[in-house]
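Here are the chains, one letter per residue:
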Amino acid sequence: MNIIEEVKSLINGAPNIHDFSNGLYIDYTEQTPGNFGLFSNGETVLKKYINGTELHQHNFVLYATNQAYNDYDRLNNSSFLLDLTKYLQGLRNIETDNGTIEKISCANGMVFSVPSGDFENGCTYQLQINAIYHTHNENTPTTSGEDSGGDFPQIEITF
Amino acid sequence: MANKEKREWLAHFIDSNFGTGTAAYYRIGEDLESYAIELNPDVETKKNIIGTRSINIKGYDTQASVDSFYAYEGDALYAALEEIVKNEDTTGLETTVVDVRLDESLDITWARMSTVLVVPQSIGGDTDGIQIPFDIYYKGDYTDVTSKASIVNGVLVISA
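Below: a short report on this structure. Values in this document were obtained by computation on a predicted structure and should not be read as measured data.

**Thoughts on the overall build of chain B**
Logical step 1: Helix and strand counts for chain B come out as one helix and 12 strands.
Logical step 2: Counting from the amino terminus, helix and strand elements in chain B follow one another as β-β-β-β-β-β-α-β-β-β-β-β-β.
Logical step 3: For chain B, the C-alpha atoms occupy an extent of roughly 65 × 40 × 40 Å along the three principal directions.
Logical step 4: Within the structure as shown, chain B displays about 9400 Å² of accessible surface, and the carbon and sulfur contribution to it stands at 49%.
Logical step 5: The averaged location of the 27 negative side-chain charges in chain B is 12 Å from the averaged location of its 13 positive side-chain charges.

**Some words on the overall build of chain A**
Logical step 1: Along the backbone of chain A there are three helices and seven strands.
Logical step 2: Overall, chain A shows an N-to-C arrangement of helices and strands of α-α-β-β-β-α-β-β-β-β.
Logical step 3: Within the span of chain A, comprising 159 residues, buried residues form 45% of the whole.
Logical step 4: Sequence separation of at least 24 residues holds for 56% of the intrachain contacts in chain A that already meet a minimum separation of 6.
Logical step 5: For chain A, the exposed surface amounts to about 7900 Å²; the carbon and sulfur share of it is 46%.

**Examining the pairing of strand β2 (residues 35–48) of chain A**
The two faces of a sheet get side chains in turn, since along a regular strand they alternate between them.
Residue and element names in this part refer to chain A.
Logical step 1: Note that strand β1 (residues 23–26) and β2 share four bridges and pair parallel. From the neighbouring strand, Tyr 25 faces β2, where its bridge partner is Gly 37.
Logical step 2: Linking two consecutive strands that pair antiparallel, namely β2 and strand β3 (residues 54–66), is a turn of five residues; a positive phi of about 95 degrees is found at Gly 52 within it.

**Observations concerning the nonpolar core**
When a protein is soluble and globular, its nonpolar side chains tend to lie buried together.
Logical step 1: Of all hydrophobic cores here, the largest spans 29 residues; its most connected members are Ile11(A), Phe36(A), Leu38(A), Leu62(A), Leu88(A), Ile104(A) and Ile129(A).
Logical step 2: Those elements giving two or more residues to this core turn out to be α1 (3–12), α2 (17–20), β2, β3, α3 (71–89), β5 (100–113) and β6 (123–134) of chain A.
Logical step 3: When residues of this core are assigned to their parent elements, the largest contribution, six residues, is made by β6(A).
Logical step 4: Among the nonpolar cores identified, the runner-up in size contains 23 residues, and Leu32(B), Phe69(B), Ala80(B) and Leu93(B) belong to it.

**Some points on the sheet that holds β5(A)**
All names here are of chain A.
Logical step 1: Taken in spatial order, the six strands make up an open sheet running β1-β2-β3-β6-β5-β4, and their pairing is mixed. In the strand order of this sheet, the two ends are held by β1 and β4 (94–95), each with one partner.
Logical step 2: The pairing of β3 with β6 spans 12 bridges and is classified as antiparallel. Along β6, the bridge assignment pairs Gln 57 with Ile 132.
Logical step 3: On the sheet, α3 packs against β2, β3, β5 and β6 and is oriented at approximately 0 degrees with respect to β6.

**Some words on the pairing of strand β9 (residues 134–138) of chain B**
All names here are of chain B.
Logical step 1: Burial of β9 is extensive: four of the five residues sit out of reach of the surface.
Logical step 2: One ladder, built from four bridges, connects strand β6 (residues 63–66) with β9; its direction is antiparallel. Residue pairing across strands places Ala 64 opposite Ile 136, the latter belonging to β9.
Logical step 3: Where strand β8 (residues 108–120) meets β9, five bridges bridge the pair, whose relative direction is antiparallel. Paired with Pro 120 across the bridge in β9 is Phe 134.

**Some remarks on the environment of Asn137(A)**
All names here are of chain A.
Logical step 1: Among the secondary structure elements, Asn 137 is positioned in the loop between β6 and β7 (154–157).
Logical step 2: Using a relative accessible area of 18% as the deciding quantity, one classes Asn 137 as buried.
Logical step 3: Along the chain, Asn 137 and Asn 51 lie 86 residues apart, while their C-alpha atoms are 7.9 Å from each other.

**Focus on the packing of aromatic side chains**
All names here are of chain B.
Logical step 1: Per the counting criterion, the structure on display carries nine aromatic pairs over all chains.
Logical step 2: Considering the side-chain rings of Phe 69 and Tyr 78, the 6.1 Å spacing of their centres and the 25 degrees angle between planes classify their relative orientation as stacked. Summarising the burial analysis for this pair, Phe 69 and Tyr 78 share the class buried.
Logical step 3: An aromatic cluster is defined as three or more aromatic residues linked by ring pairs; in this entry it consists of Tyr 26, Phe 69, Tyr 78 and Phe 134.

**Some thoughts on the state of the cysteines**
Structurally, a disulfide amounts to a covalent bond that connects the sulfur atoms of two cysteines.
Logical step 1: Applying the stated criterion across every chain, the model contains zero disulfides over all chains.
Logical step 2: Note on Cys106(A): no disulfide assigned, nearest cysteine sulfur contributed by Cys123(A) at a separation of 19 Å.

**Brief notes about unusual backbone geometry**
Peptide bonds are, in most cases, trans, and in most cases residues other than glycine have a negative phi.
Logical step 1: Located in the positive-phi region is Asn108(A), a residue other than glycine, with phi close to 55 degrees.
Logical step 2: Here Asn108(A) falls in the partly exposed class, since its relative accessible area comes to 42%.

**Some details on the pattern of salt bridges**
Residue and element names in this part refer to chain B.
Logical step 1: By the definition in use, this model includes eight salt bridges over all chains.
Logical step 2: Lys 86 is paired through a salt bridge with Glu 83; the nearest N and O atoms lie 3.3 Å apart. With Lys 86 and Glu 83 both in helix α1 (residues 76–87), this residue pair falls three residues apart, about one helical turn.
Logical step 3: Of the residues examined, Glu 83 reaches a relative accessible area of 40% and is grouped as partly exposed.
Logical step 4: A salt bridge links Glu 94 to Lys 139; its shortest N-O distance comes to 2.7 Å. Of the two residues, Glu 94 is situated in strand β7 (residues 94–102) and Lys 139 in the loop between β9 and β10 (143–144); the sequence distance between them amounts to 45 residues.

Conventions and cut-offs
Residues numbered from 1 in each chain as written. Chains lettered and ligands numbered in written order. Predicted model: local features only at pLDDT ≥ 70, side-chain atom pairs only at ≥ 80, totals over all residues. Heavy atoms only, no water. Helix = DSSP H or I, 4+ residues; strand = E, 2+ residues; numbered from the N terminus. Areas by Shrake-Rupley, 256 points an atom, 1.4 Å probe, with all protein chains shown as cover. Lys, Arg positive; Asp, Glu negative; His and termini not counted. Charge placed at Lys NZ, Arg CZ, Asp CG, Glu CD. Buried < 20%, exposed > 50% of the residue type's maximum accessible area, 1.4 Å probe, protein only. Contact = heavy atoms within 4.5 Å. Pairing = 2+ DSSP bridges. Core = buried A, V, L, I, M, F, W, Y, C linked by side-chain atoms within 4.5 Å. Axes fitted to C-alpha atoms, helices over the stretch in contact; angles between N-to-C directions. Phe/Tyr/Trp six-rings, centres within 6.5 Å; stacked < 30°, edge-to-face > 60°. Disulfide = S-S within 2.5 Å. Salt bridge = Lys/Arg side-chain N within 4 Å of Asp/Glu carboxyl O.

Below, the structure written as structure tokens:
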């Protein structure tokens, strides 16, 4: 899975997600309670290493529409975002096709909009998610003796 | 304008077994944004009576510094360095390093081996992970191993 698919999968695996979400879509959301949309905002290269690998940050925004009829609902929604933040930020070393996710950070979990202007009809929350991952250079061996599968020669010295 | 030579075409390997048993070469570079083999040339210059300068290069005091080296699970080099740090070992620091230059096709242009001393500088670091940065001091006994290199089943072997 690439980084976008992996983050979608991780969110779908979050505790209690199915109590709040009827489905997580990519780059799509509806203004109906239970509708979640994960939007990719692109990525940047944070660092380049001498062995050809790189550290990238891929940015997302999660938009979650939930019922917000009363304080009880809204507290549940915000508490879910808090739990989702803790869950994502606790993940380490997740393998993807693009590389290994070293860590995920979340920010600005909050009410984003009230689509109809009336809380009784639900509101949309947002959560900004940044996935930092370390690429694998197909042509770079990590240790000698291991076949990286690429064309890069690995060094094994025998005498 | 010609393209720059990629940094990953100059590779640096260190024997994580520190000379005991079969060499197990570990490529330096993970988490490392910059690494240079500092030659530290010892140059003596003298003005002479004919109006020019005499320049005498006495040699090189070669060393390198790995200032970002994180512990990864199962990492043999880290395990060896941690053992040195734990015992503050001053005798078991000798190992070999192989510096390899590759071309665009990833063919070996040259490869040289040298005996070095690996000296850890500290242990610990920030919240990203446990680190042991270390310095490498080259003894200067270079051996050209280019002609001994071959690729067998995707693994480069340097034969006797």
